[in-house]
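Results of the structural survey
Next come the chains, spelled out residue by residue.
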Amino acid sequence: MSGEVRARLFEPFFTTKGPGRGTGLGLAVVHGIVRQSGGHVEVESAPGQGTRFHLWFPICTAGVSDPAGRATNPRGSEEVLLVEDDESVRRLAARGLESLGYAVTLADGSATALEALDTRKTSFDILVTDVVMPGLDGRELADAALARWPSMRVLFTSGYTDDAVVRRGVLQREVPFLQKPYTAVALARKIREVLDASAPARSSS
């Protein structure tokens, strides 16, 4: 690959594939997982000669620990409304949450999410929504959801820069937020953290 492509290799949503053929999240997720594990990724590549990735991880001689003090098995049985316009991210996130016991309803955008909310007789336990979406953005969707079900918890996610998120009225310091790319375990832990909080999460106006 060229030097220009290599420089952006692990950037979320960067892809050299055509429209509809790639999300640009695969290598970003791999990079995130390796870095969370204390490792790093080395890349050898030259145009016309192929590419080789080296994944380096620290040697662990002690028992597994959780330095952040988070639950190691964030299982639950709550109902989750997951709003994500990227199909591959949506499927992977749902699969991970369902494997931990959560009941997941999927929506590919705000319109589908509002339909799901309007057909409910009881509230979802938590809304997990991307911030930057066509139509209503995540903050506007959260406001609409909370108007219908005030006790619902909300978790925002985004792969865009902090400035882009702030411009849409979502301040990471004020509301539960998870940066993309994330692992299924990181998503489940954050959901468990929000659900176990003493008060419902609300968006910033």
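Within any chain, residue numbers begin from 1 and follow the written order of that chain's sequence. Given that the model is predicted, a residue must reach a pLDDT of at least 70 before its local features are reported, and side-chain atom pairs must reach 80 or more before they are shown or counted; all residues, however, enter totals for whole chains, interfaces and linings. Side-chain metrics rest on all non-hydrogen atoms present in the structure, leaving aside hydrogens and water.

Side note on the overall build of the chain
This is how the line gets drawn: In DSSP terms, a helix is any run of H or I states spanning at least four residues, a strand is any run of E spanning at least two, and both are numbered starting from the N terminus. For every residue, the accessible area (1.4 Å probe, protein chains only) is compared with the maximum for its type, and the residue is labelled buried under 20%, exposed over 50%, or partly exposed between those bounds. By definition in these notes, contact holds between two residues if any of their heavy atoms fall within 4.5 Å. Computed with the Shrake-Rupley method and a 1.4 Å probe, the accessible areas treat only the protein chains shown as cover for residues.
The number of helices and strands found in the chain is seven helices and seven strands. The buried share of the chain, taken over its 205 residues, is 42%. For the chain, long-range pairs separated by at least 24 residues make up 62% of all intrachain contacts whose partners lie at least 6 apart in sequence. When the accessible surface of the chain is split by element, carbon and sulfur atoms take 51% of a total near 11600 Å².

Points about the packing of helix α4 (residues 110-118) against helix α5 (residues 138-148)
As a reminder of what qualifies: Axes here mean lines fitted to C-alpha atoms, for a helix over just the part in contact, with angles spanning 0 to 180 degrees between N-to-C directions. Each angle gets one of four labels, with under 35 degrees taken as roughly parallel, over 145 as roughly antiparallel, 65 to 115 as roughly perpendicular, and the rest as oblique. Residues are sorted three ways: Asp, Glu, Lys and Arg are charged, Ala, Val, Leu, Ile, Met, Phe, Trp, Tyr, Cys and Pro are nonpolar, and all the rest, Gly among them, are polar.
Running from N to C, α4 and α5 cross one another at 5°; their axes reach a closest spacing of 11 Å. Between α4 and α5, the angle falls in the class roughly parallel. Contact residues: α4 offers Ser110, Ala113, Leu114, Leu117 and Asp118, while α5 offers Leu141, Ala144, Ala145 and Arg148. Partitioning the contact of α4 with α5 into residue classes produces six nonpolar, one polar and two charged.

Side note on unusual backbone geometry
Here the amide bond leading from Lys180 into Pro181 is cis, since omega sits at -5°, within 30 degrees of zero. With respect to the secondary-structure elements, Pro181 resides in the loop between β7 (177-179) and α7 (184-195).

A look at the nonpolar core
What counts, and what does not: We call a set of buried residues a nonpolar core when its members are Ala, Val, Leu, Ile, Met, Phe, Trp, Tyr or Cys and they connect through side-chain atoms within 4.5 Å of each other.
One finds Leu81, Val83, Leu117, Leu127, Leu141, Met152 and Phe156 to be the most contacted residues of the largest nonpolar core, which totals 22 residues. Residue assignment for this core shows that the elements contributing at least two residues are β3 (79-83), α4, α5 and β6 (153-158). Ignoring any residue separated from it by four or fewer positions in sequence, one finds Leu141 in contact with Val83, Ser110, Ala113, Leu114, Leu127, Thr129, Met133 and Leu136. Core analysis: the next-biggest nonpolar cluster, separate from the first, contains 20 residues, Val89, Val104, Ile126 and Val128 among them.

Brief notes about the side chain of Glu78
Mapped onto the elements, Glu78 comes out in the loop between β2 (50-56) and β3. Look past the residues within four positions of Glu78 in its chain and what remains in contact with it is Tyr102, Ala103, Asp125, Arg192 and Leu195.

A word on a nonpolar patch on the surface
The line we're drawing: A patch is a set of surface residues, each over 30% in relative accessible area and not in a salt bridge, joined within 9 Å for like charges and within 5 Å for the nonpolar side chains Val, Leu, Ile, Met, Phe, Trp and Tyr. What counts as a salt bridge is simple: a side-chain nitrogen of Lys or Arg found within 4 Å of a carboxyl oxygen of Asp or Glu.
The grouping of Leu27, Val30, Phe53, Leu55 and Phe57 at the surface amounts to a nonpolar patch, some 410 Å² of accessible area in total. Only α2 (26-36) and β2 provide two or more residues apiece to the nonpolar patch. As for its placement among the helices and strands, Leu55 is situated in strand β2. Residue Leu55 is classed as partly exposed on the basis of its relative accessible area, which comes to 44%.

Remarks on the packing of aromatic side chains
As a reminder, the rule being used: Working definition: rings of Phe, Tyr and Trp (its six-membered ring) pair if their centres are within 6.5 Å, and the pair is stacked with planes under 30 degrees apart, edge-to-face with planes over 60 apart, and tilted otherwise. For a lysine, the NZ atom is tested; for an arginine, the CZ atom; a charge sits over a ring if that atom is within 6 Å of the ring centre and within 35 degrees of the ring normal.
Taken as a whole and assessed by the stated rule, the structure comprises zero aromatic pairs. When the ring centre of Phe124 is taken as origin, the NZ or CZ atom of Arg120, which lies over that ring, is 4.0 Å away.

Overview of the pattern of salt bridges
Counted by the stated rule, this structure contains 10 salt bridges. In this structure, Asp130 and Lys180 form a salt bridge, with 3.2 Å as the shortest nitrogen-oxygen distance. Placement of Asp130 in strand β5 (residues 126-130) and of Lys180 in the loop between β7 and α7 is noted, with a sequence separation of 50 residues between them. Overall, the relative accessible area of 3% leaves Asp130 in the buried class. Taken together, the shared-partner salt bridges in this structure form one network comprising Glu78, Arg192 and Asp196.

What to know about α4
Selection criterion: The arc in question is the one spanned by the directions pointing from the helix axis to the C-beta atoms.
The set of residues buried in α4 consists of Ser110, Ala113, Leu114, Ala116 and Leu117. Within α4, the buried residues cover an arc of 160° as seen down the axis, which keeps them to one side. Projecting away from the buried face of α4 at angles above 90 degrees are the exposed residues Ala111 and Glu115.

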